[in-house]
Amino acid sequence: MKDLHFYNTLSRKKEKFIPINEGHVGMYVCGPTVYNNVHLGNVRTFLTFDILFRYLKALNYKVRYVRNITDVGHLVGDGDEGEDKIGKMAKLEQLEPMEVVQRYTNDFHHVLEQFNFLSPSIEPSATGHLIEQIEAVKVLIEKGLAYESNGSVYFDIEKYNEEGGNYGHLSGRILEDLLNETRELDGQSEKRNPLDFAIWKSASPEHIMQWPSPWGMGFPGWHLECTCMSAKYLGDQFDIHGGGMDLKFPHHECEIAQGTGLTGKEPVKYWMHSNMLTVNGQKMSKSLGNSFLPHELFTGSHPLLDQAYSPMTVRFFMLQSQYRSTLDFSNEALKGSQKAFKRLLNGLRVSSTLKYKADETQAIDEKKVAEIESAITGFYEALNDDLNTAVAIAQLFTMLKYINMIYVNQLHTSALGEEVFDKLIGNYKLFFEEILGLKEENGDQTAVLDGMLNLYSEFKENRRYDKVDEIRAYFKENGMVIKDLKHRIDWAWEE
Ligand code: AMP
Ligand code: ZN
């Protein structure tokens, strides 16, 4: 696929990506609700959009990436009734709600940094945009698309649909079915219709997070923040909106209704949803008790793990499947990824040491040149085909094969020609580091290791085999091997 294509949840098919403003991309991703530690499931979703951000930038788009922090309005149970997730935690821990928010925002940033995520262009928070949210509620009431009831304001779905709205079209739900599902629920007597959702909620005195509004003291409904913040920073209509599959309904469905209600225009051109990270086939989630915290992986302290895994191994593991397929998390799968990642990583290190050597006696090996060229285009084609990182990684392995052949002197660089050699080395680094966001995790040890290898060579020459064995053992203990190649001595990560 030459052009970039994404699967659009709205049209239910792959579509060619044509940004609204040529050369520019506006992208909004629902961020975390900062009341607890991020787990690996969350990481998978944010990784999908990190890759998208990186890839769009690599294609020279000017990207504005907005990822919010939900710090108010997301209620326990995800509905319109009950405690605020952050308020509940604040009571439990006897903290100010903003202390809870700060603690888990810090954790979120720390985890994403460990996984080598790029920061978004803007990271707005819901509490920082109360004025915009109150204004939006006023407009929706003026337009007759929302009504006040006991100090709360609800979005009127029937009215919205009468006026041409299509509530349910993103998630493919039929209004009648939705009505049947929700009819039984209690506590919705304030609503004209059980499907109507809160855009402003009146707060009882015990509810900690509340602000004055034209409808009394209260707080904004969860879905409203994303509508207001995306419109503020990306405009009434923008290119890409992302999030995990589980946000499709009701969160994103409600965002479409609010955005369309406010401006009369569909707010988002391409809706992209990342699939779930599962454990034994079940969605990884805090409430199901099957979640893994990143540090449990890095230390190997989770009962289901028999060893520790580094952040880059986990990042690589997640990239080995395309974002729309489910990904099941297991010790065995991670082990396989660790091995494969180390092979690629060794390739990165080796490739930085290779130099082109001109040799007129070497004929160009057309077959190898063609295979390298096709791996490079194949990498782009895979990502153009709805961000297929799994196939892109396979192309990287083809490139690795040639890097290793050069490294062990099986292939002369002249057989490729200087241009293809440079392309191979340059693109390997670009794909590995910039686009897939992978990196060497122990980079600064290289000088020390090189020094030890010099000693190793000297001991070897002087037949001091006790010392030779000692150094070998040291490398092994640290997950490395010494390579006695014909033309040089080197080290590599043990694969
Ligand atoms: P939350 O903080 O619960 O609102 O979730 C933050 C993001 O993580 C949302 O986009 C969710 O869709 C996503 N998410 C939650 N659980 C998983 C999971 N098991 N796999 C992938 N994404 C998830
Ligand atoms: Zn959102």
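For the structure given in this document, a descriptive report is provided here. (Residues numbered from 1 in each chain as written. Chains lettered and ligands numbered in written order. Predicted model: local features only at pLDDT ≥ 70, side-chain atom pairs only at ≥ 80, totals over all residues. Heavy atoms only, no water.)

Things to note about the side chain of D196
By the element assignment, D196 lies in the loop between helix 6 (175-182) and strand 7 (197-202). Here Y147 takes part through its side chain, which lies 2.6 Å from a polar atom of the side chain of D196. Not counting residues within four places of it along the chain, the set of residues in contact with D196 comprises D80, Y147, Y154, F155, D156, I157, E158 and K191. (Helix = DSSP H or I, 4+ residues; strand = E, 2+ residues; numbered from the N terminus. Polar contact = N/O pair within 3.5 Å; in protein donor to acceptor, adjacent residues only side chain to side chain. Contact = heavy atoms within 4.5 Å.)

Some points on helix 15 (residues 446-461)
End to end, helix 15 covers 23 Å across 16 residues, agreeing with the expected 22 Å (1.5 Å per residue, within 8%). Where helix 15 is concerned, the buried positions are L449, M452, L453, Y456 and F459. For helix 15, the angular spread of buried residues about the axis comes to 120°, placing them on one side. In this structure, helix 15 carries A447, N454 and E461 as exposed residues pointing more than 90 degrees from its buried face. Elements that come into contact with the buried residues of helix 15 comprise helix 16 (465-477), strand 14 (480-484) and strand 15 (489-493). Just downstream of helix 15 lies R463, where phi reads positive at about 55°. (Expected span 1.5 Å × (residues − 1). Buried < 20%, exposed > 50% of the residue type's maximum accessible area, 1.4 Å probe, protein only. Arc of directions from axis to C-beta.)

Some thoughts on the packing of helix 12 (residues 366-384) against helix 13 (residues 389-407)
In helix packing, the relevant descriptors are the interaxial angle and the interaxial distance, both defined with respect to the helix axes. Interaxial distance between helix 12 and helix 13 falls to 8 Å at its minimum, and their mutual angle equals 155°. By the angle between their directions, the pair helix 12 and helix 13 is classed as roughly antiparallel. As helix 12 runs across helix 13, the sense of the crossing is left-handed. Counting all contacts with helix 12, which are made through K368, E371, I372, S374, A375, I376, G378, F379, A382 and L383, the residues of helix 13 involved are T389, V391, A392, Q395, T398, M399, K401, Y402 and M405. (Axes fitted to C-alpha atoms, helices over the stretch in contact; angles between N-to-C directions. Parallel < 35°, antiparallel > 145°, perpendicular 65-115°, else oblique. Left-handed = near helix turned anticlockwise from the far one by under 90°.)

Looking at the environment of K159
As for its placement among the helices and strands, K159 is situated in helix 5 (residues 157-162). Note: C-alpha distance between K159 and A146 (13 residues apart in sequence) is 8.5 Å. Excluding residues within four positions of it along the chain, K159 makes contact with K143, G144 and L145.

Examining the sheet that holds strand 11 (residues 277-279)
Strand order in the open sheet formed by three strands is 12-11-13, and the pairing between neighbours is mixed. Of all the strands in the sheet, just strand 12 (282-283) and strand 13 (327-328) have a single pairing partner and so form its edges. Strand direction decides the pairing type here: strand 11 and strand 12, joined by two bridges, are antiparallel. Bridged to V279 within strand 12 is Q282. (Pairing = 2+ DSSP bridges.)

Brief notes about the nonpolar core
By size, the foremost hydrophobic cluster in this structure holds 148 residues, and its most contacted members are M27, L40, I240, L297 and F329. Broken down by element, this core gets its largest block of residues, eleven residues, from helix 13. Apart from residues no more than four positions distant in its own chain, L40 is found in contact with F115, L277, M284, F292, P294, L297, V314, M318 and F329. (Core = buried A, V, L, I, M, F, W, Y, C linked by side-chain atoms within 4.5 Å.)

A word on the pairing of strand 1 (residues 5-8)
Across four bridges, strand 1 lies against strand 2 (residues 13-16) in antiparallel orientation. Within the sheet, the bridge partner assigned to N8 lies in strand 2 and is K13.

A short note on the coordination of the zinc ion (ligand 2)
In the first shell of the zinc ion (ligand 2), the protein supplies C30 (SG), C226 (SG) and H251 (NE2), at 2.0 to 2.1 Å from the metal. Each donor residue of the zinc ion (ligand 2) lies on the same chain, and together they follow the pattern C-x195-C-x24-H. In this pair, C30 sits in the loop between strand 3 (24-29) and helix 1 (40-58) while C226 sits in helix 7 (residues 222-234), placing the two residues 196 residues apart along the sequence. Taken as a pair, C30 and C226 share a single burial class, namely buried. (Donors = N, O, S within 2.8 Å, 3.2 Å for Na, K, Ca; no water.)

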